[in-house]
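# Residue-level structure breakdown
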Amino acid sequence: MGIWTNGSTLNATFKIETKSIYYVDDFKDYKYNLINDTIEINYPDYTYRAEVILRNDTLIMNSKEYNQAKYWRFKE
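Notes on the structure follow. Here the structure is a predicted model, which means the values were calculated and not measured.

Here the focus is unusual backbone geometry. With phi around 55°, phenylalanine 27 is a residue other than glycine that occupies positive phi space. With respect to the helices and strands, the residue phenylalanine 27 is situated in the loop between strand S3 (20–23) and strand S4 (28–35). The exposure class of phenylalanine 27 is exposed, given its relative accessible area of 66%.

Here the focus is the sheet that holds strand S2 (residues 14–16). Read around the closed barrel, the 8 strands follow the order S1-S2-S3-S4-S5-S6-S7-S8; overall the barrel is antiparallel. In this sheet, adjacent strand axes meet at a mean angle of 35° when their direction is disregarded. Summarising the sheet, strand S1 (residues 2–5) and strand S8 (residues 69–73) pair through 2 bridges and their orientation is antiparallel. Across the sheet, residue threonine 5 finds its bridge partner in S8, namely tryptophan 72.

With that settled, consider the packing of aromatic side chains. Inspection of every chain in the model, using the stated rule, returns 8 aromatic pairs. Geometrically, the ring pair formed by tyrosine 30 and tyrosine 43 is edge-to-face, given 4.9 Å between the ring centres and 65° between the ring planes. Separated by 13 residues along the polypeptide, tyrosine 30 in strand S4 and tyrosine 43 in the loop between strand S5 (38–42) and strand S6 (47–55) bring together distant segments of the chain. Classification of tyrosine 43 as buried rests on a relative accessible area of 19%. Taken together through their ring pairs, the aromatic side chains of Phe14, Tyr23, Tyr30, Tyr43, Tyr46, Tyr48, Tyr66 and Tyr71 make up a single cluster.

Parameters and conventions
- Residues numbered from 1 in each chain as written.
- Predicted model: local features only at pLDDT ≥ 70, side-chain atom pairs only at ≥ 80, totals over all residues.
- Heavy atoms only, no water.
- Helix = DSSP H or I, 4+ residues; strand = E, 2+ residues; numbered from the N terminus.
- Buried < 20%, exposed > 50% of the residue type's maximum accessible area, 1.4 Å probe, protein only.
- Pairing = 2+ DSSP bridges.
- Axes fitted to C-alpha atoms, helices over the stretch in contact; angles between N-to-C directions.
- Phe/Tyr/Trp six-rings, centres within 6.5 Å; stacked < 30°, edge-to-face > 60°.

Purely geometric stuff here, so don't read any function into it on its own.
Have a look at this one:
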């Protein structure tokens, strides 16, 4: 849960809520499932799957299909 940024802009990247992930720049949210340490985000055209690792205020997503993605807790 929380608001996260990848640091590419001054804004947050997304907000993880109870049942969905809201992408700030796109004004869209998508359903997700968290099963053990794996997240599945259900986009209209595909399902993104990644191992999730939390280290302090860093969220790391390791996907077999995409590069590793790192996000930091967004501080307003």
